[in-house]
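A look at the structure
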Amino acid sequence: MTAVRRRAPGGRVHLLSGGGGKTFRPAPVRGIHGGELTVHTPNVRTRHDPRYDTGENLMRKSMLLTVPTLALGALTMAAAPASAHESDMWSSQASLGSLNNSGTTGDVMVDVHGTEATVTMDVSGAAETFMDGPFPHAQHIHIAAQGMCPPPTADTDGDGVVSTPEGHPFYGMIGASLTTEGDTSADSALAVERFPGGSAYTYERTLQLDEATAESLRNGTAVVVVHGVDPAKMPAAAAEKMSPLNAELPLAATLPAACGTLTASQMGAMPEGGADTGVAQDTGSAAEAAALGGGVLAAAAGAAWALRRRAARA
């Protein structure tokens, strides 16, 4: 027990509690003159004295320190950019639609790893035979134009079909030739002996990308075009024509048969940009990261305020 002496009337009471204390001015005590009143009280602990911190108080302090720390950690992780390695990896897909009444359709997948790409294709409904052999289907990744397949109105000479030169303003020049072996540059654009053939086929090959082709894949302006249409499905006048690309080949051999714009979905950070034909965009941004971090910090501040109010009421 701690002895607290109080001198009355009108004196001060000193409440001694383990080395600290508070001073109170009580109302005068009537009927006591010149003496001392001794009051015995329990040993009172003050919350501000660290020597009397209980496990509960220590837990509250620990939580107050931990919550802001976790919030700052979350903000740091949210704002961290994707690594350079991740930003060079993505996949692009295309559904091939028929051109020039060919009936050719298919699907394309391009998996990009830095400057290397693996192209997988499934094609069906294509022209079957050419000069008693499988009809060769030249196929390419076209780049650096509008990133779209040509509409029927692209037929500027009125022969009823859209030729390869008529399609160029829409899908662009050749970025890569999807040959079965050997060279894959634009130099192999008409290497018909090294392209797949027949009415249906599956194609898979890994090839090197030049910077221009990689850029078109990133920004959504890369288009896959499969060539070769059965002359029986072409207007008679067009079926008699020779190719404007090679006078030794009929127009049917180089006529676009199927087309699809490659749309990208990146493995790390999504590629930026994209044509009107549609490229998946990364919604993650520095602004969103900041907003996320701000929300976490606000929640932390609210938790800290609530803990302090609880502590003050205890």
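Above this text sits the structure in question.
Residues numbered from 1 in each chain as written. Predicted model: local features only at pLDDT ≥ 70, side-chain atom pairs only at ≥ 80, totals over all residues. Heavy atoms only, no water.

**Notes on the pairing of strand 10 (residues 139-143)**
Applied cut-off: Whether a residue is buried, partly exposed or exposed follows from its accessible area with a 1.4 Å probe, protein chains only, as a fraction of its type maximum: under 20%, in between, or over 50%, in that order. Under the scheme used here, helices are H or I runs from DSSP no shorter than 4 residues and strands are E runs no shorter than 2 residues, and both carry numbers assigned from the N terminus. At least two bridges found by DSSP between two strands are what make those strands a pair.
With respect to burial, strand 10 is a largely interior element, five of its five residues being buried. Of the strand pairs in this sheet, strand 10 and strand 13 (residues 223-227) are connected by four bridges, and their pairing is antiparallel. Opposite Ile-141, over in strand 13, you have Val-224 as the bridge partner. Bridging between strand 10 and strand 11 (residues 173-177) involves four bridges; their strand directions are antiparallel. Following the sheet pairing, Ile-141 is matched in strand 11 by Ala-176.

**Points about the environment of Thr-221**
Applied cut-off: Residues adjacent in sequence count toward polar contacts only when both atoms are side-chain atoms; beyond that, a polar contact is any pair of N or O atoms within 3.5 Å, and within protein one must be able to donate a hydrogen and the other to accept it.
By the secondary structure assignment, Thr-221 is in the loop between helix 4 (211-219) and strand 13. Residue Thr-221 is classed as buried on the basis of its relative accessible area, which comes to 13%. Expressed as a C-alpha distance, the spacing of Thr-221 and Ala-144, which sit 77 residues apart in the sequence, is 6.3 Å. At a separation of 2.7 Å, a polar atom in the side chain of Thr-221 contacts the side chain of Asn-219.

**A look at helix 4**
Filter applied, for reference: This arc corresponds to the set of directions leading from the helix axis out to the C-beta atoms.
Along helix 4, the residues classified as buried are Thr-213, Ala-214, Ser-216 and Leu-217. When helix 4 is viewed along its axis, its buried side chains cluster within an angular range of 160° and face the same direction. Downstream of helix 4 by one or two residues, Gly-220 has phi in the positive range, about 85°.

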